[in-house]
Amino acid sequence: MVDFEFSEDEIRFRDSVREFAKRYIEPKWIEIDDQGKIPMELIKKIADQGLFAIPVPEEYGGMGGTMVMAALAVEEIAYHDPAVAIAVYTLLQNGWPLALALFGQEEAKMEILPKVASGDAFFGIGSTEPQGGSDVAGNKTVAKKVGDKWVISGEKAFISGVREIQELPEGGGFFLVAKTEKPGWSHTRITDFAVLPKWNGKIREEWKPTVYEEIGRHGLSTGGFTLENFEVDDKYRIGEVNKGFYLVLQGFNIARILVAAATIGSARWALDKAKEWLTTRKLFQGRPIASFEGVSFRYAELYTKVEAAKYFVYKAAWMTDNTYLTKSPRFKPQDLNLPVAMAKMMGPTTATEVYTEVLKWFGAYGYTKECSAHRGWLGTFSYTIGAEGAQNIMKYIIARDTLGSDAVRNVWVKEE
Ligand SMILES: Cc1cc2nc3c(=O)[nH]c(=O)nc-3n(C[C@H](O)[C@H](O)[C@H](O)COP(=O)(O)OP(=O)(O)OC[C@H]3O[C@@H](n4cnc5c(N)ncnc54)[C@H](O)[C@@H]3O)c2cc1C
């Protein structure tokens, strides 16, 4: 049976997030974008509202909710923080904790996830390296087994949350991708680890972080770091040795849905702001500019694209719930590749298109800092560039899964 309605529980949940975001996020988002920091008290408040680890089971401190609920929460937060820093922080604290809950070892899950759910620690993704994030199999960070420990060395770049880890009371870390055994291009030599550079309030010296200066999304940091002989207990290994490539790609699928949800929330805000302007700005003998078809038809197109992007997000979220949470035999993890890539391709691209038009509708005012729409433009654009995968990689996945991998084989080269 096809049913395009959210359940009553989902609507109640969405409304409660909306109310929360209106009260605690909307009045602060511009200040946060200017100051370049989400206040720690706000992170705690979001955690207290139960908005981190939503789809993580209750025994690990999560809400025991669903990915549909996580997407609703992220979309609502982005609507009230269109620069998306708080939305991205929230999406990372839902997506990667769920990946750890699905693939991690019991002891590590019990230790890490409750602290993430309570807002005392951060758990993000550490995949990208300076030589190129799209090529996960080309990762150069090496993990060697020495006795009963793993010793990890390498460099990661463009990683969200590097500063927040240092500031949060407990700290936190990443779902980190490393090359096991001999380096070289291979997707069969990758193992994932929960790497915690700051834990129980203590920063490890073998971790050297830097933070970059970015053009948007200022509230959440992006940085790089090196790991030099960073020792990790085997309990922090995520999944089987040399199977990490397949697991991190599943984690990317989960996180990409929430990325698309964030960009849709921000685009909805931009369209609502535009609606106020288009219906009240009057020109040519008192006609609202919405009365010019050059404007209203473009609004209609963009409104439709945002709605379409929303369908992709909630279908992919629903499929994820069926795959991992209720474990429906109808879905396998690889079935998510296509719907998720379409959602991640549509969301950020649509948001960028919306902002490019909305800024023009505001006329010269749109080019001033007083008009806050540029903040959403720059924030959502980060997801057109990269962050959980570049747009071309989404197109590659869609082409591969529709035309067939033999026809589009451009990235699979021989193992070194
Ligand atoms: C704000 C922000 C936050 C981020 N946070 C994180 C994070 O928390 N953790 C993390 O691990 N990473 C993070 N990233 C990194 C992000 O995931 C990468 O930017 C992304 O994977 C692309 O890698 P790259 O930037 O090195 O570009 P490259 O991989 O070098 O790609 C450069 C260009 O080439 C294109 N390209 C590459 N390969 C192909 C191909 N086979 N076919 C067609 N085109 C191709 C890409 O589309 C891109 O346009 C973040 C990035 C940003 C901007």
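Heads up: the structure comes first, above all this text.
To keep things clear, this report deals only with the structure shown in the data block.

The rules behind the values
Just so you know, the residues in each chain are numbered from 1, in the order the chain's sequence is written. Only residues with pLDDT of at least 70 are given local features in this predicted model, and only at 80 or more are side-chain atom pairs given and counted; all residues enter the totals for whole chains, interfaces and linings. Side-chain descriptors were evaluated using all non-hydrogen atoms of the structure, hydrogens and water having been removed beforehand. Numbered from the N terminus, helices here are DSSP runs of H or I no shorter than four residues, and strands are runs of E no shorter than two. Each radius of gyration reported is based on C-alpha atoms, and the globular scaling rule is 2.2 Å times the count of residues to the power 0.38. Relative accessibility under 20% of the residue-type maximum defines a buried residue, over 50% an exposed one, and the middle range a partly exposed one, all with a 1.4 Å probe and only protein chains included. Contacts: residue pairs with any heavy atoms within 4.5 Å of one another. All accessibility values rest on the Shrake-Rupley procedure with a 1.4 Å probe; residue burial counts only the protein chains present in the view. Charged residues are defined here as Lys and Arg on the positive side and Asp and Glu on the negative side; His and the ends of the chain fall outside this count. In this description, the location of a charge corresponds to atom NZ of lysine, CZ of arginine, CG of aspartate or CD of glutamate. By convention in these notes, a residue is near a molecule or strand provided one of its non-hydrogen atoms lies within 4 Å of it. Each polar contact in these results corresponds to two N or O atoms within 3.5 Å; when the atoms are within protein, one needs to be able to donate a hydrogen and the other to accept it, and residues that are neighboring in sequence are counted only if both atoms are side-chain atoms. Grid spacing is 1 Å over the protein atoms alone, the probe is 1.4 Å, and a cavity is where that probe fits but cannot get out, while a pocket is an open set with protein on both sides within 12 Å along at least five of seven lines and lining residues have an atom within 4 Å of a point. Throughout, a molecule is located in a cavity or pocket provided that more than half of its atoms lie within 2 Å of its grid points. Two aromatic rings from Phe, Tyr or Trp, using only the six-membered ring of Trp, form a pair when their centres are within 6.5 Å; if the ring planes differ by under 30 degrees the pair is stacked, by over 60 it is edge-to-face, and anything between is tilted.

On to the overall build of the protein chain, then. Across its full length, the protein chain holds twelve helices and eleven strands. In terms of C-alpha radius of gyration, the protein chain reaches 21 Å, essentially the compact-globule figure of 22 Å for 416 residues. In the protein chain, buried positions account for 55% of the 416 residues. For the protein chain, long-range pairs separated by at least 24 residues make up 75% of all intrachain contacts whose partners lie at least 6 apart in sequence. Of the roughly 18300 Å² of accessible surface on the protein chain, a fraction of 55% belongs to carbon and sulfur atoms. Between the centroid of the 50 positive side chains of the protein chain and the centroid of its 55 negative side chains there is a distance of 3 Å.

Another aspect to go through is the site of the ligand. As a matter of local geometry, the ligand sits amid 23 residues, with Ile 125, Thr 128, Gly 133, Ser 134 and Phe 158 nearest to it. Between an oxygen atom of the ligand and a main-chain N or O atom of Ser 160, the distance comes to 2.8 Å. Burial of the ligand by the protein amounts to 70% of the accessible area it has alone, namely 980 Å². Here the ligand occupies the largest pocket.

Time to look at the environment of Tyr 367. Here Tyr 367 shows up in the loop between helix 10 (337–361) and helix 11 (373–385). Sequence-wise, Tyr 367 and Asn 94 are 273 residues apart; in three dimensions their C-alpha atoms are separated by 35 Å.

Take the packing of aromatic side chains next. Summed over all chains, the structure comprises 22 aromatic pairs. Between the aromatic rings of Phe 174 and Phe 225, the centroid separation amounts to 5.2 Å while the plane-to-plane angle is 20°, which identifies the pairing as stacked. On the criterion of sequence distance, the pair formed by Phe 174 in strand 4 (residues 171–180) and Phe 225 in strand 8 (residues 222–233) is long-range, its members being 51 residues apart. Accessibility expressed as a relative area gives 0% for Phe 174, which makes it buried. For the ring pair Tyr 299 and Trp 361, a centre distance of 6.2 Å and an interplane angle of 35° mean the geometry is tilted. Residue Tyr 299 is found in helix 9 (residues 293–325), and its partner Trp 361 is found in helix 10; the two are separated by 62 residues along the sequence. Here Tyr 299 matches Trp 361 in class, with each residue buried.

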